[in-house]
Amino acid sequence: MSKVTAEEQRILDEVERGFDEEVAFLQDLVRCPSVRGAEHTVQDYVFNALSRRGYDMDRWRVTEEDIKDHPGFSPIAVSYENAWVVVGTHRPKSTKGRSLIMNAHIDVVPPGPTDMWTHPPYDPVIRDGWMYGRGACDMKAGLAANIFALDAIKRAGFEPAATIHVQSVPEEESTGNGTLATSVRGYRADAAICPEPTRGQLTRANVGVVWFSVRVYGRPAHAREMQAGLNAIDAAYQVIAALRVLEEQLNVEAAQHPLFKELVHPINLNIGQIEGGDWNSTVPASCTVHCRLSMLPGTPASELKRRIEQTISDFSRRTPGSGNTPPVIKWTGFSCEGFVLEPGSDAEKTLAAAHEAIHGSPLQEQVMPAYLDARVTILYDKIPTLVYGPGGRNIHSIDEAVELATIKQATKSIALFTARWCGLAPLKSA
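Cut-offs and rules
Residues numbered from 1 in each chain as written. Predicted model: local features only at pLDDT ≥ 70, side-chain atom pairs only at ≥ 80, totals over all residues. Heavy atoms only, no water. Pairing = 2+ DSSP bridges. Helix = DSSP H or I, 4+ residues; strand = E, 2+ residues; numbered from the N terminus. Contact = heavy atoms within 4.5 Å. Axes fitted to C-alpha atoms, helices over the stretch in contact; angles between N-to-C directions. Salt bridge = Lys/Arg side-chain N within 4 Å of Asp/Glu carboxyl O. Parallel < 35°, antiparallel > 145°, perpendicular 65-115°, else oblique. Left-handed = near helix turned anticlockwise from the far one by under 90°. Nonpolar A, V, L, I, M, F, W, Y, C, P; charged D, E, K, R; others polar. Polar contact = N/O pair within 3.5 Å; in protein donor to acceptor, adjacent residues only side chain to side chain. Phe/Tyr/Trp six-rings, centres within 6.5 Å; stacked < 30°, edge-to-face > 60°. Buried < 20%, exposed > 50% of the residue type's maximum accessible area, 1.4 Å probe, protein only. Lys NZ or Arg CZ within 6 Å of the ring centre and 35° of its normal. Expected span 1.5 Å × (residues − 1). Arc of directions from axis to C-beta.

Engineer: How would you sum up the sheet that holds strand E5 (residues 130-132)? Please name residues and give values.
Structural biologist: Here we have four strands laid out as an open sheet, ordered E4-E5-E17-E16, and antiparallel in their pairing. Where the open sheet ends on each side, the last strands, each with one partner, are strand E4 (126-127) and strand E16 (392-393). Bridge count for E5 against strand E17 (residues 401-403) is three bridges, and the pairing is antiparallel. Opposite Tyr-132, over in E17, you have Ala-401 as the bridge partner. Running over the sheet, helix H2 (residues 19-30) touches E4, E5 and E17 and is turned about 20 degrees from E5. The strands touched by helix H5 (residues 136-155) are E5, E16 and E17; relative to E17, the strand with the most contacts, the crossing angle is about 45 degrees.

In structure tokens form, the structure reads like this:
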């Protein structure tokens, strides 16, 4: 089992002493309803918090012009007026260790029907060791862990002996363009850590994701003679069925992948929204289905798009009447490939030792059938990126919650990892 030094134990003790403050900080983050298009308020809070800590601050708004030529760019379908990125940088007086990016996203998904929540979704109630609230788990707890891990190092009388970039980004839930913007701006490091809610496991791989919509056309008619028309909503259900066949084909292929073969149905097609028609007694002329489909790492987004297009084209050819006005596909949001974190890096070994010192057991790994911003730093910047953080439940669902004990453990592991990866220098000599 990895042992800690007296200096490291001081840091871990400071995590304990500062944990009530960390929990209060997380509650403040949750109270900011940072859904897409409204991220600026919480980013102001984060900017001020990092500024008070003495970091060199950088803040800018994500723009399509800045990132559209990057191969990892995802199409933008909404205003980015409030899509602000915040980075606080620690620069030591003398650099001796290895640099680090600490990345976390502050955007959250919509809460859904608020009357289904036990408590209001932005009221961070603590009950039985859990904090409830939209974004508490995914992933504002991770941002708090990053910040308070560094606080503990400072309170223990040290500073990291290398440059650290603390990143707070938007758009993880929609495109990944927030973290992409940090890459385009030039942020690099010897390693990165992203404390998504993994319950103390290291993420070895994740899937890629494509968002798209299919607009299906029919032929309007009065309901009394609806056989003379073509119901676009009925046709949309047939399109969904065709896409389900593609989904199953992708899962057959996933069963052969060395990292994903143990997962049941890792490739998922989600029908997120459907809208069509304009009158109860009129056969609807059009219907739009909004979809999310994932793909195995190593599959280019362009290849999945080709297969989606082929599926829709085949449907159109074999469905009577649909060829008059073929379905139209629109790519919106995610167009992102998955990643594999290659084993054996020094960063992974350092985290594994830190984890074992805190948990008393070896670091376990998992694969994630969902999108993660680590794809930017791994695929494009070639930075070993450790997706590792606290644990929770009901992510993207009603009564989302994070377990407080796992936040404390993650903060300790991140603090110990940072001390060993970046090195330590006495604060008084800085």
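Engineer: So what's going on with the pattern of salt bridges? Residues and values would help.
Structural biologist: Where charged atoms from two side chains of opposite charge come close, those side chains can pair. On inspection of all chains with the given rule, the structure shows 22 salt bridges. For Lys-412, the salt bridge identified is with Glu-16, shortest N-O distance 2.6 Å. With Lys-412 in helix H11 (residues 404-422) and Glu-16 in helix H1 (residues 6-17), this residue pair connects regions lying 396 residues apart in the sequence. By sharing partners, the salt bridges in this structure join Glu-14, Arg-17 and Arg-155 into a single network.

Engineer: Residue-level account of the packing of H2 against H11, with values.
Structural biologist: The contact between H2 and H11 brings their axes to 11 Å, and the two run at 115 degrees. When the interaxial angle is binned, H2 and H11 end up roughly perpendicular. Regarding H2 and H11, the two cross each other, and that crossing is right-handed. In this structure, H2 uses Phe-19, Glu-22, Val-23 and Leu-26 to contact H11, whose residues at the interface are Leu-404, Ile-407, Lys-408 and Thr-411. Each residue belonging to the contact of H2 with H11 can be placed in one class, and the counts come to five nonpolar, one polar and two charged.

Engineer: Any chance you could break down the side chain of Thr-411 for me, citing the residues and the numbers?
Structural biologist: Within the secondary structure, Thr-411 is located in helix H11. A distance of 2.8 Å separates a polar atom in the side chain of Thr-411 from the backbone oxygen of Ile-407.

Engineer: Which residues make up the packing of aromatic side chains, and what values go with them?
Structural biologist: Counting across every chain of the model gives seven aromatic pairs. Ring plane angle 10 degrees and centroid distance 6.1 Å describe the contact between Trp-60 and Tyr-187, whose orientation is recorded as stacked. Separated by 127 residues along the polypeptide, Trp-60 in strand E1 (residues 56-61) and Tyr-187 in the loop between helix H6 (177-184) and strand E8 (191-194) bring together distant segments of the chain. Its relative accessible area of 13% is what places Tyr-187 among the buried residues. An aromatic cluster of at least three residues, connected via ring pairs, comprises Phe-25, Tyr-45 and Phe-148. The ring of Phe-25 carries the charged tip of Arg-53 above its face, separated from the ring centre by 5.9 Å. Of note, Arg-53 hangs over the ring of Phe-148, and the distance from its end group to the ring centre comes to 5.3 Å.

Engineer: Outline the environment of Ala-254, listing residues and values.
Structural biologist: Tracing the sequence through the fold places Ala-254 in helix H7 (residues 232-254). Each C-alpha atom of the pair Ala-254 and Leu-180 lies 27 Å from the other, and the pair is 74 residues apart in sequence.

Engineer: Can you tell me about H1, naming the residues and giving the values?
Structural biologist: In this model H1 runs 17 Å from its N-terminal to its C-terminal C-alpha over twelve residues, within 8% of the 16 Å that 1.5 Å per residue would give. Among the residues making up H1, those that are buried are Glu-8, Ile-11, Leu-12, Glu-14 and Val-15. For H1, the angular spread of the buried residues around the axis is 155 degrees, confining them to a single face. Away from its buried face by more than 90 degrees, H1 exposes Ala-6 and Arg-17. Residues of H1 that are buried sit in contact with H2, H5, strand E6 (158-160), helix H9 (346-359), H11 and strand E18 (424-426).

Engineer: Lay out the environment of Gly-298 in plain terms, naming residues and giving numbers.
Structural biologist: As for its position among the elements, Gly-298 is in the loop between strand E12 (286-295) and helix H8 (301-318). Each C-alpha atom, one on Gly-298 and one on Gly-208, is 8.6 Å from the other, the two residues being 90 residues apart in sequence.

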